[in-house]
Amino acid sequence: MFSETSIEERSTNASQAFLNGVIKILPLCLAVLPWGLLAGSMAIQAGLTSLQAIAMSALVFAGAAQLMTLGLVMAGTPALTIIISVFLITTQHYLYALYLRDDISRQPLKHRLMLGFLLTDELFAVSIKKQQHYIYYLLGAGSCFYLCWVVFSICGVVLASSVPNLDQYHLDFSIVATFIAIVIPFIKNLNTLVGVLVSVMLTVIFLSLGIKSAAILAGVIGMLTATCLQNLRERAA
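Source: prediction; values computed, not measured.

The rules we used
- Residues numbered from 1 in each chain as written.
- Predicted model: local features only at pLDDT ≥ 70, side-chain atom pairs only at ≥ 80, totals over all residues.
- Heavy atoms only, no water.
- Phe/Tyr/Trp six-rings, centres within 6.5 Å; stacked < 30°, edge-to-face > 60°.
- Helix = DSSP H or I, 4+ residues; strand = E, 2+ residues; numbered from the N terminus.
- Buried < 20%, exposed > 50% of the residue type's maximum accessible area, 1.4 Å probe, protein only.
- Core = buried A, V, L, I, M, F, W, Y, C linked by side-chain atoms within 4.5 Å.
- Contact = heavy atoms within 4.5 Å.
- Patch = residues over 30% accessible without salt bridge, like charges linked within 9 Å, V, L, I, M, F, W, Y side chains within 5 Å.
- Areas by Shrake-Rupley, 256 points an atom, 1.4 Å probe, with all protein chains shown as cover.
- Salt bridge = Lys/Arg side-chain N within 4 Å of Asp/Glu carboxyl O.
- Expected span 1.5 Å × (residues − 1).
- Bend = angle between axes of the 7 residues up to and from the residue.

**Things to note about the packing of aromatic side chains**
Then, in step 1: According to the stated counting rule, one finds eight aromatic pairs in the structure shown.
Then, in step 2: Relative to Trp149, the ring of Trp35 has its centre 6.2 Å away and its plane inclined at 85 degrees; by these criteria the two rings are edge-to-face. With a gap of 114 residues between them, Trp35 in helix α2 (residues 33-45) and Trp149 in helix α9 (residues 134-162) connect regions that are remote in the sequence.
Then, in step 3: A relative accessible area of 3% means that Trp35 is categorised as buried.

**Topic: the nonpolar core**
Then, in step 1: Among the nonpolar cores identified, the biggest contains 40 residues, and Ile25, Leu123 and Val126 are the most heavily contacted of them.
Then, in step 2: For this core, the secondary structure elements donating two or more residues are α1 (2-31), α2, α3 (50-59), α4 (63-74), α6 (92-104), α7 (109-118), α8 (121-127) and α9.
Then, in step 3: Counting residues per element, this core draws most heavily on α9, at 14 residues.
Then, in step 4: Among all residues touching Ile25, those that are not within four sequence positions of it are Glu122, Leu123, Val126, Ala141, Cys144 and Phe145.
Then, in step 5: Counting five residues, the second-largest nonpolar core is a separate cluster that includes Val198, Leu202, Phe206 and Ala214.

**Examining a nonpolar patch on the surface**
Then, in step 1: A surface patch of nonpolar side chains, amounting to about 420 Å² of accessible area, comprises Leu80, Ile84, Phe87 and Leu88.
Then, in step 2: Its place among the elements puts Phe87 in helix α5 (residues 79-89).
Then, in step 3: Overall, the relative accessible area of 56% leaves Phe87 in the exposed class.

**Observations concerning the environment of Ile44**
Then, in step 1: Note that Ile44 resides in helix α2.
Then, in step 2: For the pair formed by Ile44 and Ile54, sequence separation is 10 residues and the distance between their alpha carbons is 9.7 Å.
Then, in step 3: If we skip the residues at most four places from it in the chain, Ile44 touches Thr49, Ser50, Ala53, Val157 and Ala160.

**Remarks on the environment of Leu30**
Then, in step 1: Here Leu30 lies in helix α1.
Then, in step 2: Judged by its relative accessible area of 61%, Leu30 falls in the exposed class.
Then, in step 3: Considered as a pair, Leu30 and Cys148 are 118 residues apart in the sequence and their alpha carbons are 8.3 Å apart.

**Quick word on α6**
Then, in step 1: Taking 1.5 Å of rise per residue, the 13 residues of α6 would be expected to cover 18 Å, and the 18 Å separating its terminal C-alpha atoms lies within 8% of that figure.
Then, in step 2: The sharpest bend along α6 comes to roughly 35 degrees, located at Leu98.
Then, in step 3: If you check which residues of α6 are buried, you get Tyr96, Leu100, Asp103 and Ile104.

That's the geometry; what it means functionally is another story.
Have a look at this one:
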C-alpha cells in the first residue's frame, strides 16, 4: 500500500511539474506566433510544397536557422555556405546542453533524446530556475513550445496562399522582441550589460556596412568583451 501510494504521489508531482512547464513557457509561445507565420509563409515562397514546409518546422524545429536557410535558398546561396551559416547560428545550443548536462545525463535515453530535440533558446530561458521533477518540467515546456511552433507554421503555410507578400508585414520583428524578452532577465551585472550593449551597437554598425552574419560576429565580440571586462575587474579587486 505504501509503495502504491508513493508511486501515485510521484506521478502526480511529475504531472504537476509538466503542467508548470507548459504554463511557464506560454508567454514565449505567444511571442513567436508572428515568427511561426513568417517561417511557414517563407517556406512556400522558397518553393517548398505545403507538406515540405510543415515537415521542415516539425523536423528541424529551429526558428532562426529555418528563416536564415529559407532566405539563403531564395537568394541562390550555395549549399555549403548555408550549412556553415546554420552551424554558426545554432552553436549556442551546445552551451545550453552543457549547462543542463548534470541534470539530464542521469536520465533515461528517451528523455535525453527528447530534451535534446526540444532544446531551444526559449526552453533554456525557462530552465534557469530549477525545481522538483525538473525533467518533467522541461519536457512540459519544450513539448508545449514545439506544438505551438508547428501549429503557427501550419497557419503560415495556409496564409501564404491567401495573403500575398506576408513577409512585408514586418513579422520578423517578433524575433527581436522574443530575444529581448529572453536576454533582459540575464542582465544581472555590469559585465553582462556591457556585453549586450556592445553586441547591439556592433550589430547595427555591421548591418549598415553590409557585413553578412552581422549578428553572429557582434555576439561573439560582445561575449569576448564581457569576459575581458570580468577578468579586468577581478584582477583590480
